[in-house]
Amino acid sequence: MSVNEVLIKVDDLQKKFGDLNVLNGINTEIKKGEVVAIIGPSGCGKSTFLRSLNLLENPTGGTITFEGVDITDKNVNVDQMRQKIGMVFQQFNLFPHMTIKKNIMLAPLKLKLMNEEEAGRRADELLERVGLPDKANEYPDMLSGGQKQRIAIARALAMNPDVMLFDEPTSALDPEMVGEVLELMKELAKSGMTMVVVTHEMGFAREVATRVLFIDEGKIQEENSPKEFFANPKNERLREFLSKVL
Amino acid sequence: MTDFREKIYQNFIDDDRYMYLVKGLGNTLIITMFALLIGVVLGFLIAVVRTTYDRIGKLKLLNAVCKVYLTVIRGTPVMIQLLIIFYVVFGSARIDKLVVASLAFGLNSAAYVAEIIRSGIMSIDNGQMEAGRSLGMSYGMTMIYIIAPQAFKNILPALANEFIVLIKETSVSGYIGTMDLTRGGDIIRSTTYEAFLPLIAVALIYLALVMMLTAGVSRLERRLRSNERK
């Protein structure tokens, strides 16, 4: 794939929960290698938007095109498409009944993308990369929050995804553990991974992101390079939001 | 004392009467095992249909069928169900009574097991399903590899309880003429005109069965808990 190739294209994305309009027509493009940070007040629809990108939420209108395929089309194999879209959750969602290594190996193994030996080797590699090789045979309950999130990232990476979605990955962590997760995400961004990150970490958005989106009332109100975004916010609501969080 | 010995001899040894209990126990175990098998397999299927409908709205028709099934089975006594299956469903067919009893108790147990399994599946945080699906695994795969093992651990005590109830419920299978443990004791009673010893013996055997099952389940529970913080 060439640089600047559009990986995800979102057209007029709508989501209604009953009578409530959560997404009111979102339009954007995410190019390969971009790190897009999404910020906004709580309840603004930013998580819903992120979760729509791999159809954990079913949009009620509009289209999402991933690698040239309209994934909102009913005939598209959602499972196959999701194999290429990694996701990291606020609550980690590790599988508590399996060891750390098995957590990482499960999907590639069961989806027959790797055999036992390859999956094991890949898991060891990833454990090394996230700095937790000694935890391979422990269970998730024995890990700290920060360690759990690093494992969750490793688990998503095991599928060799083309893009990684992060849904407030540090919001459930004790303050002293936020750093280790952000550090890993920074390293991931440097390696060229395409990332979409819903976050409250303004420092991360400013330093690591290549573009920042501000969502409010189900719409992208402003998007810009981090430098411009934080130095010269144009949108009234964004100015108000930033004055509260910075 | 000699009187008591005499009675034991009369009730159990004479004419090899203990064989009624041995054979009866064998049949009770056979009925329980097959009923258990039917109950767990059918119960699991019903539970999956019900939760699939609750979670993603699919299988609407099957869900309705399952709901009617649960209502009827849980709303009528197991003995009536047994009699209906024996006299009405298989009324004119020549079919082994053990099969009829296994089927009746299995179909009955399935309704209770289904609700136990459903509660187990519901007890697992939706994040687990989302994590599985986000990795590209199908709904079925996520159910089998991620949800079911965790749900099983949570419902084991309730499931064990259902099995204990099942073992003891099979004691009404004598009503269709099955030679089960209870019936065996009853035959001894009616030949020796002695109620105390045969009935107590039968009671003790049920008690021993249930205690063995309980001990087995406790061991299993301990093993499944190996992943929890020590």
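We now turn to the structure provided with this report. Treat the numbers as computed from the prediction; the structure is a model and nothing was measured.

Rules behind the numbers
Residues numbered from 1 in each chain as written. Chains lettered and ligands numbered in written order. Predicted model: local features only at pLDDT ≥ 70, side-chain atom pairs only at ≥ 80, totals over all residues. Heavy atoms only, no water. Helix = DSSP H or I, 4+ residues; strand = E, 2+ residues; numbered from the N terminus. Buried < 20%, exposed > 50% of the residue type's maximum accessible area, 1.4 Å probe, protein only. Pairing = 2+ DSSP bridges. Axes fitted to C-alpha atoms, helices over the stretch in contact; angles between N-to-C directions. Right-handed = clockwise from strand over helix to strand, strands pointing away. Patch = residues over 30% accessible without salt bridge, like charges linked within 9 Å, V, L, I, M, F, W, Y side chains within 5 Å. Areas by Shrake-Rupley, 256 points an atom, 1.4 Å probe, with all protein chains shown as cover. Salt bridge = Lys/Arg side-chain N within 4 Å of Asp/Glu carboxyl O. Contact = heavy atoms within 4.5 Å. Buried area = accessible area lost by both parts, 1.4 Å probe. Polar contact = N/O pair within 3.5 Å; in protein donor to acceptor, adjacent residues only side chain to side chain. Nonpolar A, V, L, I, M, F, W, Y, C, P; charged D, E, K, R; others polar. Parallel < 35°, antiparallel > 145°, perpendicular 65-115°, else oblique. Left-handed = near helix turned anticlockwise from the far one by under 90°. Expected span 1.5 Å × (residues − 1). Arc of directions from axis to C-beta.

1. Thoughts on the overall build of chain B
Okay, so step 1: Broken down by element type, chain B carries nine helices and zero strands.
Okay, so step 2: In chain B, the succession of α and β elements from N to C terminus is α-α-α-α-α-α-α-α-α.
Okay, so step 3: Expressed along its principal axes, the backbone C-alpha trace of chain B runs to roughly 75 × 55 × 25 Å.
Okay, so step 4: Counting only residues that meet the buried cut, chain B has 42% of its 230 residues in that class.

2. Some remarks on the sheet that holds strand β9 (residues 211–216) of chain A
Sheet strands line up and pair through hydrogen bonds in the backbone, either parallel or antiparallel.
Residues and elements named next belong to chain A.
Okay, so step 1: Pairing in this open sheet of six strands is mixed, and the strands run β6-β7-β8-β3-β9-β10 from one edge to the other. Every other strand in the sheet has two partners, leaving β6 (85–88) and β10 (219–224) as the edge strands with one partner each. Strand-to-strand twist of the sheet, defined as the mean angle between neighbouring strand axes without regard to direction, takes the value 20°.
Okay, so step 2: Pairing of β9 with β10 involves five bridges; the strand directions are antiparallel.

3. A few points about the pairing of strand β8 (residues 194–198) of chain A
As a general feature of sheets, a regular strand has side chains that alternate between the two faces.
All names here are of chain A.
Okay, so step 1: The element β8 is largely enclosed, with a buried count of five among its five residues.
Okay, so step 2: Neither face of β8 is open: one carries Thr194, Val196 and Val198, the other Met195 and Val197, and all of them are buried.
Okay, so step 3: For the handedness criterion, the β-α-β arrangement of strand β7 (residues 163–167), helix α6 (residues 175–190) and β8 is classed as right-handed.

4. Structural notes on a nonpolar patch on the surface
Residue and element names in this part refer to chain B.
Okay, so step 1: Taken together, the side chains of Met1, Phe4, Phe196, Ile200, Leu204, Leu207 and Met211 define a hydrophobic patch exposed on the protein surface, amounting to about 780 Å² of accessible area.
Okay, so step 2: With five residues, helix α9 (residues 196–224) is the single largest residue contributor to the nonpolar patch.
Okay, so step 3: Considering the arrangement of structural elements, one finds methionine 1 in the segment before α1 (2–13).

5. Comments concerning the interface of chain B and chain A
Buried accessible area, meaning the area lost when the parts come together, often serves as the stated size of an interface.
Okay, so step 1: Every contact between the two is made by 22 residues of chain B and, on the other side, 26 residues of chain A.
Okay, so step 2: Here chain B packs against chain A, burying approximately 2,100 Å² in sum over the two surfaces, 59% of which is carbon and sulfur.
Okay, so step 3: At the boundary of chain B with chain A, the tally comes to two salt bridges.
Okay, so step 4: The partner of A:Asp79 in a salt bridge is B:Arg133, with the nearest N and O atoms 3.0 Å apart.
Okay, so step 5: Seen at the junction of chain B and chain A, the total is six residue pairs in polar contact (both at pLDDT 80 or more).
Okay, so step 6: Put simply, the parts of the chain that give the side of chain B that touches chain A at least two residues each are α6 (126–134) and α7 (139–169) of chain B.
Okay, so step 7: Taken together, the residues of the side of chain B that touches chain A break down into seven nonpolar, nine polar and six charged.

6. Thoughts on the pairing of strand β4 (residues 61–66) of chain A
Residue and element names in this part refer to chain A.
Okay, so step 1: When strand β1 (residues 6–17) meets β4, the two strands line up antiparallel, connected through five bridges. Pairing of valine 10 across the sheet is with isoleucine 64, part of β4.
Okay, so step 2: Looking at chain direction, β4 and strand β5 (residues 69–70) are connected through two bridges and run antiparallel. Residue phenylalanine 66 lies in a different strand from β5, and its bridge partner there is valine 69.
Okay, so step 3: The loop that links β4 with its antiparallel partner β5 comprises two residues; one of these, glutamate 67, has a positive phi angle of about 50°.

7. Thoughts on unusual backbone geometry
Residues and elements named next belong to chain A.
Okay, so step 1: A positive phi angle, near 65°, is found at phenylalanine 92, a position not held by glycine.
Okay, so step 2: With respect to the helices and strands, the residue phenylalanine 92 is situated in the loop between β6 and α3 (100–110).
Okay, so step 3: Assessed through its relative accessible area of 10%, phenylalanine 92 is described here as buried.

8. Here we look at the packing of helix α2 (residues 18–56) of chain B against α7(B)
Residue and element names in this part refer to chain B.
Okay, so step 1: Remark: α2 packs on α7, axes separated minimally by 11 Å, with the N-to-C direction vectors making an angle of 135°. Between α2 and α7, the crossing angle belongs to the class labelled oblique. As α2 packs across α7, the resulting crossing turns out to be right-handed. Residue-level contacts link Thr28, Thr32, Ala35, Leu36, Val40, Thr51, Thr52 and Ile56 of α2 to Tyr139, Met143, Phe163, Leu166 and Ile167 of α7.
Okay, so step 2: In the contact of α2 with α7, the residues fall into nine nonpolar, four polar and no charged.

9. Remarks on the side chain of A:Thr194
Residues and elements named next belong to chain A.
Okay, so step 1: Examined against the element boundaries, threonine 194 turns out to sit in strand β8.
Okay, so step 2: Since its relative accessible area comes to 1%, threonine 194 is described here as buried.
Okay, so step 3: One polar contact links the side chain of threonine 194 to the main-chain amide nitrogen of glycine 33, over a distance of 2.8 Å.
Okay, so step 4: Ignoring anything within four residues of it in the chain, the contact list for threonine 194 reads Leu7, Ile30, Lys31, Lys32, Gly33, Glu34, Asp162, Val163 and Met164.

10. Description of α6(A)
Residue and element names in this part refer to chain A.
Okay, so step 1: Here α6 is 16 residues long and its end C-alpha atoms lie 24 Å apart, about the 22 Å a rise of 1.5 Å per residue gives.
Okay, so step 2: Those residues of α6 not exposed but buried are Met177, Val178, Val181, Leu182, Leu184, Met185, Leu188 and Ala189. The buried residues of α6 all sit within an arc of 160° when viewed along its axis, so they share a single face. More than 90 degrees from the buried face of α6, the exposed residues found are Glu176 and Lys190.

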